[in-house]
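Residues per chain, in single letters:
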Amino acid sequence: MRPQRSRALVIGLLLAFGTIGVSVASSASAATLVSSSPADGAIISTALTQVTVTADGPLAEMGNSVVVTDPDGTRVDDGSVQPSGSTALVGVKALTTTGIYTVAYQLFLADGQNLSGTYTFNFTGSTAPTSTPTSASPTPTKTFPPLQQHSTFFDRLKGGGIGLLLIALVLIVIGSRFAASRSNRD
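Values in this document were obtained by computation on a predicted structure and should not be read as measured data.

Of the regular secondary structure elements, the protein holds 2 helices and 8 strands. The secondary structure elements of the protein, listed N-terminal to C-terminal, are α-β-β-β-β-β-β-β-β-α. Considering the protein as a whole, with its 186 residues, one finds that 26% of them fall into the buried category. Contacts in the protein between residues at least 24 apart in sequence constitute 64% of all its contacts with a sequence separation of at least 6. A total accessible area of about 11,900 Å² is found for the protein, and carbon and sulfur atoms account for 60% of it.

Okay, the environment of G91 next. Tracing the chain through its elements places G91 in strand β6 (residues 87-91). For G91, the residues in contact, after removing those within four places along its chain, are T49, Q50, D77, D78 and S80.

This brings us to the sheet that holds strand β1 (residues 33-37). Here we have 4 strands laid out as an open sheet, ordered β1-β3-β6-β5, and antiparallel in their pairing. Whereas interior strands pair on both sides, the edge strands pair on one side only; in this sheet they are β1 and β5 (82-84). Here the strands of the sheet are splayed against their neighbours by 15 degrees on average, with no regard to which way each runs. As defined by bridge partners, strand β3 (residues 50-55) adjoins β6 across 5 bridges and the pair is classed as antiparallel.

The step from S37 to P38 runs through a cis peptide bond, and the omega angle for that step is 0 degrees. Relative to the assigned elements, P38 resides in the loop between β1 and β2 (43-44).

On to the packing of aromatic side chains, then. Scanning all chains against the criterion turns up 2 aromatic pairs. Here Y101 and F121 contribute two aromatic rings whose centre-to-centre distance is 5.5 Å and whose plane-to-plane angle is 10 degrees, an arrangement assigned as stacked. With Y101 in strand β7 (residues 99-108) and F121 in strand β8 (residues 114-123), this residue pair connects regions lying 20 residues apart in the sequence. Take F121: its relative accessible area is 1%, and that puts it in the buried class.

It is worth spelling out the confidence of the model for the protein at this point. For residues with low pLDDT, the predicted coordinates do not support detailed interpretation. Overall, the predicted model of the protein reaches an average pLDDT of 75, with 61% of residues at or above 70. Low pLDDT (under 50) marks residues 19-28, which in the prediction has 3 contacts with non-local residues, meaning those over four places away or in another chain. Ignoring residues within four places in sequence, the model shows residues 146-151, a span with pLDDT below 50, making 6 contacts including any to other chains.

On to the nonpolar core. Here is a general trend for soluble globular proteins: nonpolar side chains tend to be buried in one another's company. Membership of the largest hydrophobic core comes to 26 residues, with the highest contact counts inside it found for V51, V66, V68, L107 and F121. Each residue touching V68, except ones within four places of it in the same chain, is listed here: V51, T74, R75, V76, D77, V90, Y101, T102, V103 and F121.

What follows is about the pairing of β6. Most of β6 is tucked away, with 5 of its 5 residues classed as buried. Pairing of β5 with β6, which is carried by 3 bridges, proceeds in the antiparallel orientation. Note on β6: the bridge partner recorded for P83 is A88. The turn joining β5 and β6, which pair antiparallel and follow one another in sequence, is formed by 2 residues; a positive phi near 65 degrees is taken by G85.

Its location among the elements puts D111 in the loop between β7 and β8. A sequence separation of 52 residues divides D111 from L59, and the C-alpha atoms of the two residues are 8.2 Å apart. For D111, the side chain forms a polar contact with the side chain of Q113, separated by 2.8 Å.

As a general point, the strands of a sheet are linked pairwise by backbone hydrogen bonds and lie either parallel or antiparallel. Within the open sheet, the 4 strands sit side by side as β2-β8-β7-β4. Their pairing is mixed. Looking at which strands have only one partner, the edges of the open sheet turn out to be β2 and β4 (65-69). Pairing of β7 with β8, which is carried by 10 bridges, proceeds in the antiparallel orientation. Within β8, the residue paired with F108 across the bridge is N114.

Reading the values: rules and limits
Residues numbered from 1 in each chain as written. Predicted model: local features only at pLDDT ≥ 70, side-chain atom pairs only at ≥ 80, totals over all residues. Heavy atoms only, no water. Helix = DSSP H or I, 4+ residues; strand = E, 2+ residues; numbered from the N terminus. Buried < 20%, exposed > 50% of the residue type's maximum accessible area, 1.4 Å probe, protein only. Contact = heavy atoms within 4.5 Å. Areas by Shrake-Rupley, 256 points an atom, 1.4 Å probe, with all protein chains shown as cover. Pairing = 2+ DSSP bridges. Axes fitted to C-alpha atoms, helices over the stretch in contact; angles between N-to-C directions. Phe/Tyr/Trp six-rings, centres within 6.5 Å; stacked < 30°, edge-to-face > 60°. pLDDT = per-residue confidence, 0-100. Core = buried A, V, L, I, M, F, W, Y, C linked by side-chain atoms within 4.5 Å. Polar contact = N/O pair within 3.5 Å; in protein donor to acceptor, adjacent residues only side chain to side chain.

This is how it looks when you write it as structure tokens:
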């Protein structure tokens, strides 16, 4: 009778964790892109120096990706993704080709959710960034803090690894209980 109880317990736990996994997966799909610059479908006539994407929650410090490609599929971003709050910024090299540019993003939110997708914008203008006329008062610009070069175990857990750690721990406990019940039977 004990092996049947153990099997029922294992099946019940797997079903319970499967349900939790489904709810975690559905909450992960709840993350949304709030805004982007340039916006999806925008037609721009001046060259960019950066592209930003903003999620509906704060981003994790590591693992975020924003890739910008020109109409030929050549990467034109500089690869330096900088998360700040809920916004990820990437620098863009000089745009030299008119046409449709694609922005592909994968963002990891601090609460463990992730958000990925693509959008496009159309570059129709000059290849040099336009300069703004100088004025008596400087225009404020948003600056981002430098990226941290090190991370701790706990920083990585904040990026979504804690769920995997908990699942691994549960599987170890279930496996040890199953092994103990088998050895008691023998």
